[in-house]
Amino acid sequence: ILNVEQSPQSLHVQEGDSTNFTCSFPSSNFYALHWYRWETAKSPEALFVMTLNGDEKKKGRISATLNTKEGYSYLYIKGSQPEDSATYLCAADGSTLGRLYFGRGTQLTVWP
Amino acid sequence: DTAVSQTPKYLVTQMGNDKSIKCEQNLGHDTMYWYKQDSKKFLKIMFSYNNKELIINETVPNRFSPKSPDKAHLNLHINSLELGDSAVYFCASSQEPSGSYEQYFGPGTRLTVT
C-alpha cells in the first residue's frame, strides 16, 4: 500500500488567482503519478499521467510537475476560473499494474 | 456515447441480501477496475481485470466477487450485504494494465444497505 498525501485539504481563491497543490508519495517503488479532476456529481477525469523524474505536463491553464527522487508532485492552475472548482486527486502507482493509491484530494473553490 | 457505464446508479437493499453492480466500457480497453469510495470520500482500489483475468485483488472480504464475462464488462457481486458495505462503487478502465495509462471512470453506483 502506498501512502499518498495531498495538501491543502481545501482551498478557496478568487477568480483570476493562481494556485497550486501538493501531492507527496513514497519515492521508493514508484512507477507513475496521476492527477484527476473530480467535479461534484460527476466521475473523476484524468488530467495528467507522469512517470519520469522532472516530467512537466500542461493542459491549458493547468500544469503539473513531478519529482520522483523526493516523492512529490505539484499541480498549478493559472488564473483560476469558477469552472475550475472541483476536487483534485492525485494517485500513485508503485506496482506497474495500474494499482492506483489515491490521496484524499484538494477541494478547490473559485469565487467569481 | 458513454465511455464507461454502470448500472444501477442507486441501489438500496437490506442487510443479508445479495446484489450485483454491472459495468461496461466501449473504449476497447483491456483493463477494468473496481474502486470503493468510503464514507470519508477516499477512493480505494478493490479489483482489476485484464482481458478477463484477475490481476489485482486487494484485501477485500470474499463476499465480494468480481466477474468479467468479456473484456468490455466487469461486474461486482456482493453476498450477504453488511451495513459497512454502504458506499459509492466506481468502475474504471484503462488501455492496458499499467500505471502509464490514465483510467476512465464510470458515474458510480451508490449502494445503501439498511
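The model shown is predicted, which means the values in this text are computed figures rather than measured ones. (Residues numbered from 1 in each chain as written. Chains lettered and ligands numbered in written order. Predicted model: local features only at pLDDT ≥ 70, side-chain atom pairs only at ≥ 80, totals over all residues. Heavy atoms only, no water.)

A. How the structure looks around the interface of chain B and chain A. The interface of chain B with chain A comprises 21 residues on the first partner and 21 residues on the second. Buried surface at the junction of chain B and chain A, summed over both partners, amounts to about 1800 Å²; 56% is from carbon and sulfur atoms. Where chain B touches chain A, the interface holds one salt bridge. Inspection of the chain B/chain A interface yields nine residue pairs in polar contact (both at pLDDT 80 or more). For the side of chain B that touches chain A, the elements supplying multiple residues, two or more each, are β4 (31–37), β5 (43–50) and β6 (53–57) of chain B. Here the side of chain B that touches chain A gets three residues from one element, more than from any other, and that element is β4(B). Broken down by class, the residue content of the side of chain B that touches chain A amounts to twelve nonpolar, six polar and three charged. (Contact = heavy atoms within 4.5 Å. Buried area = accessible area lost by both parts, 1.4 Å probe. Salt bridge = Lys/Arg side-chain N within 4 Å of Asp/Glu carboxyl O. Polar contact = N/O pair within 3.5 Å; in protein donor to acceptor, adjacent residues only side chain to side chain. Helix = DSSP H or I, 4+ residues; strand = E, 2+ residues; numbered from the N terminus. Nonpolar A, V, L, I, M, F, W, Y, C, P; charged D, E, K, R; others polar.)

B. Summary view of the sheet that holds strand β7 (residues 62–67) of chain A. Residue and element names in this part refer to chain A. Judged by pairing direction, the sheet is antiparallel, and its five strands sit side by side in the order β1-β3-β8-β7-β6 without closing on themselves. One side of each edge strand has no neighbouring strand; the edge strands of this open sheet are β1 (5–7) and β6 (56–59). Adjacent strand axes in the sheet meet at a mean angle of 15° when their direction is disregarded. Of the strand pairs in this sheet, strand β3 (residues 19–24) and strand β8 (residues 72–77) are connected by six bridges, and their pairing is antiparallel. The residue bridging Thr-19 from the neighbouring strand is Ile-77, located in β8. (Pairing = 2+ DSSP bridges. Axes fitted to C-alpha atoms, helices over the stretch in contact; angles between N-to-C directions.)

C. Main features of the nonpolar core. Among the nonpolar cores identified, the biggest contains 24 residues, and Val4(A), Leu33(A), Trp35(A), Leu75(A) and Tyr88(A) are the most heavily contacted of them. For this core, the elements supplying multiple residues, two or more each, are β3, β4 (32–38), β5 (45–50), β7, β8, β9 (86–93) and β11 (106–111) of chain A. Here the element with the most residues in this core is β9(A); it accounts for four residues. The contacts of Val4(A), once residues within four sequence positions are left out, are Cys23(A), Ser24(A), Phe25(A), Cys90(A), Ala92(A), Tyr101(A), Phe102(A) and Gly103(A). Formed by 19 residues, the second largest nonpolar core is a distinct cluster that contains Val4(B), Ile21(B), Leu76(B) and Cys91(B). (Core = buried A, V, L, I, M, F, W, Y, C linked by side-chain atoms within 4.5 Å. Buried < 20%, exposed > 50% of the residue type's maximum accessible area, 1.4 Å probe, protein only.)

D. Looking closely at the pattern of salt bridges. Residues and elements named next belong to chain A. What the rule picks out here adds up to eight salt bridges over all chains. A salt bridge links Lys-42 to Glu-39, with the nearest nitrogen and oxygen atoms 3.8 Å apart. Three or more residues joined by partner-sharing salt bridges are found here, namely Arg-37, Glu-39 and Lys-42.

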